[in-house]
Structure formats: C-alpha cells, structure tokens
Number of protein chains: 2
Amino acid sequence: MKAGLNKEKIIEKAAELAEKNGLSGVSMKALADELGIKPPSLYKHFGGGLEELNKELMLYGWRLLDGEITKAVIGKAKDDAVIALCHAYRGFVVSHKGLYEAMQWYDMYQSEEHMQASGGAVEIMYRALGSYDMTEEQKVHTVRLVRSFLQGFSTIEVHIGNARRVPLDDSFDFALNTILGGIAGMQKDR
Amino acid sequence: MKAGLNKEKIIEKAAELAEKNGLSGVSMKALADELGIKPPSLYKHFGGGLEELNKELMLYGWRLLDGEITKAVIGKAKDDAVIALCHAYRGFVVSHKGLYEAMQWYDMYQSEEHMQASGGAVEIMYRALGSYDMTEEQKVHTVRLVRSFLQGFSTIEVHIGNARRVPLDDSFDFALNTILGGIAGMQKDR
DNA sequence: TATAATAGCTAATTATATTAGCTAAAAGTG
DNA sequence: CACTTTTAGCTAATATAATTAGCTATTATA
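Residues numbered from 1 in each chain as written. Chains lettered and ligands numbered in written order. Predicted model: local features only at pLDDT ≥ 70, side-chain atom pairs only at ≥ 80, totals over all residues. Heavy atoms only, no water.

Asker: Can you help me understand the protein's contact with DNA strand D in this one?
Answerer: Of all residues adjacent to DNA strand D, which total 20 residues, the nearest are Lys-2, Lys-38, Ser-41 and His-45 of chain A together with Tyr-43 of chain B. Expressed as a percentage, the sugar and phosphate content of the atoms of DNA strand D within 4 Å of the protein is 56%. Take His-45 of chain A: an N or O atom from its side chain is 2.5 Å from a phosphate oxygen of DNA strand D. Within the side chain of Tyr-43 of chain B, one N or O atom sits 2.7 Å away from a phosphate oxygen of DNA strand D. Where the surface near DNA strand D is concerned, the elements lending two or more residues are helix 2 (28-35) and helix 3 (49-73) of chain B. Of the residues assigned to the surface near DNA strand D, the class counts are 10 nonpolar, 5 polar and 5 charged. (Near = heavy atom within 4 Å. Polar contact = N/O pair within 3.5 Å; in protein donor to acceptor, adjacent residues only side chain to side chain. Helix = DSSP H or I, 4+ residues; strand = E, 2+ residues; numbered from the N terminus. Nonpolar A, V, L, I, M, F, W, Y, C, P; charged D, E, K, R; others polar.)

This is the structure in structure tokens:
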C-alpha cells in the first residue's frame, strides 16, 4: 500500500521526532517506523540518505524561524526592531528546542540554501540597523555581535534548562539592554 | 603485546583525531586504529564506551581552556581582565577547532565534572567583575552575556572560517568594546 | 615463585545505513 | 478504456560501527 508521503510530510515528522528525542533520535529506522514504512523506502524521497534528510530538516527550521522573525519586526524600527527580533528568535528556540538542535547541524554554514533561508533574518537585521548612524562595516560587526549573542544564549538555554536561581528571562533582557546601550554608546564615540 | 596505554594517552590521541577529522571522526574504530589496538581493547580503559570517551574528551578540552584563561587573566582587573579572558577564549577556539567541537558535546551542561572544569573560568570571570559597581544579580547576568557572546561567536567562527570581506578579528574587537561600553553604561544608570 | 589483575586479543551480536532488484499502485497516454 | 510508464513501496543482502563474551599473555604483587 502506498502511504502517500512526500518530502514535506516526512520532514514534518522528522521535526516531531527531533522535538521528542533530539537530533540523535532522527534515524532512518525511527523515522520510517513513525511513518509506517520501511527504512529503504525513505530513499525514494531522499536519495542522499540521512545526510540530505538532516540538511532538509535544518533548512525547514531556518525557514520557520525566518517567518517568525519577519512577522515580529513588521512596523518596528531601530531598538524596537532589534528587541522584537531577539525576542522572536529566543521564543522560537525555547519552543522548538529539538528542531533548533537540528538547525545547528554541522553543515549549516556551508550550504547555499542556508544562506537563503537565514539570509532573510540577516537582511531584516540589517534593515533594522539601517536607521542607526553607522558605517556599513559597523553594521556588519553589529549583526555579528547580535547573532553571536543569540546563538550562544540559545545554545546554553537549550542545554541547561531553566531551573536557576537567577531567571534566564532576566538575563536575556539585561544582556539585550546592555548590548543596545553599547551600540548607542558606540555611535556617539564614533 | 601490550601497548602501554592509559586514559590520558588515549584522550590525547582522541583530541588529535578530533582536530584532524572533527568529532564525528572520533570513533572507536578510528581511535583504535590510530593507537594500534583493536576496538574492543578500548573498553578496558573506557568501560562506558563511546559515551564515556566523548565525555572525557570534552572535560579534557575544558580543563585546557581553563588553564589558558587563568594564565591570561593573572594580574589584570576590570575591563582589562575581561578583554584578556575573551581573547584567550577565542584564541583557544581558533587553534583547537576540532577539540572545541568535542567540548560542545550535548551532555556538557549536565555533567558535574564540567561544572568543575569550566567553573574555574566562570569563577575567574566573576572575580574580574568583582571590582565593577554591580549587584550580585547583575554580575550573573553579565557573566551569562559574555559567555553567550563567546560561545556564539566561536561556534560561528569555527564553522564559517575566515574568508570574509570584513575580518572576524575586527568584529570580535568591535563586539567586545560594545559590550564593555554597555556594561559601563549600565553601571551609571543603575 | 605463585597468584592476581590487567590489557590486549578473536569471535559473535546488535543496530543502523545503505544498495539492488522486485512489484503493485497511480498517473498519464493512445 | 486498455496500455505504458513512473513512482513508492517492499524484501533481501551488504557494510560498518559499537558493543559483549570469553580467552590469554603479560605485568604487578603477595
């Protein structure tokens, strides 16, 4: 019996699996079981095997995140835009910890498609910085700073969970304010 | 013939392997080959198998990094200390990309030993912040901010390499200055 | 020197990814 | 509508890695 599957449905199931069991839980075997088919059948959809599957899952996540960020920033500018973007990023990670792990797949930075999928977010960030008084180079630096912070904070949060004496929420807001304050300061000094 | 191995020698070889082929290149098979023994023999040293090996490798890396950071911060205070710490961290990552990947092993945050191994660095960071005019809570936030930045920046650098129009060195210094400026600003506002 | 512990080995087991080749269902075509 | 082609599943087989069981020689120790 044909199960009527396609790439999209399979990736969605893979994302579910990643949420439930982490990226290491996304195996050909586990995924096939979950879909009610046999592992070799997956190769009809992903000729590149597990490698291709991981890559598609990564891209799926980045596209989803890109959508969220885009929505969050609409109609905002400057600090407000950066704040909205950062909260959207963190919100996404917190509610998709498993998928976020898949998004960090080792090959993410080599992939052209990843550039496209996450390029939206970077583009949005540049635009948010557009109204600051900065050189182009400084904007590049700033985007890298914010990306680094978001990525580092998210990774740590995903792993250590939330049961700390000082809440992560507070640390996130503090850090964001500190960075924005620093950016404002840099502008004056320039 | 007995090869005269012990945990330490094996871990050092594993670290070499990680440098050469990435964490995924550290398999029982590859490691045994490299050491001139058969895979099952490794279980005499690491009863916990690959899991234990990964964990030990992670700890080895953090202890090494802790040493570097400690050295770098000696005799420095405040911004100088933070700057030295950050440069030491980044320097370590850049020259140990493979090992750093192993240090990010999924279990790092759950492990008590990791707390110990990386606790030194955190302790040093707290001390560096000791002379700032901050509440204890703000210090926690600040440590988290700096850790997030270092971790995020490092991860990105390890993956994308260095061939960019705007050099990563410059972005690192810019980001560090921005953060330090932000921290200074937060103190005044408090 | 005798004994115990250690660190290696081979052989076998398990698990997963993957390939090859088969077949029925679906989709298109005269 | 009958025919053909493509597709999406299957089973069987292969390759590789981790791991376990049980054997043995070397080393360390009583």
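Past the structure itself, the notes keep going.
Asker: I'm lost on the interface of chain A and chain B in this one. Help?
Answerer: How large an interface is tends to be reported as the accessible area lost when its parts come together. Facing 37 residues of chain A, the contacting portion of chain B comprises 37 residues. Across the interface of chain A and chain B, roughly 3,300 Å² is buried in total on both sides, 73% from carbon and sulfur atoms. Run the count over chain A and chain B and you get 0 salt bridges. Viewed at the interface, chain B and chain A are joined by 6 residue pairs in polar contact (both at pLDDT 80 or more). Breaking the side of chain A that touches chain B down by element, the ones donating at least two residues are helix 7 (136-160) and helix 8 (168-189) of chain A. Of all the elements, helix 7 of chain A adds the most residues to the side of chain A that touches chain B, at 17 residues. Residue composition of the side of chain A that touches chain B, grouped by class: 17 nonpolar, 14 polar and 6 charged. (Contact = heavy atoms within 4.5 Å. Buried area = accessible area lost by both parts, 1.4 Å probe. Salt bridge = Lys/Arg side-chain N within 4 Å of Asp/Glu carboxyl O.)

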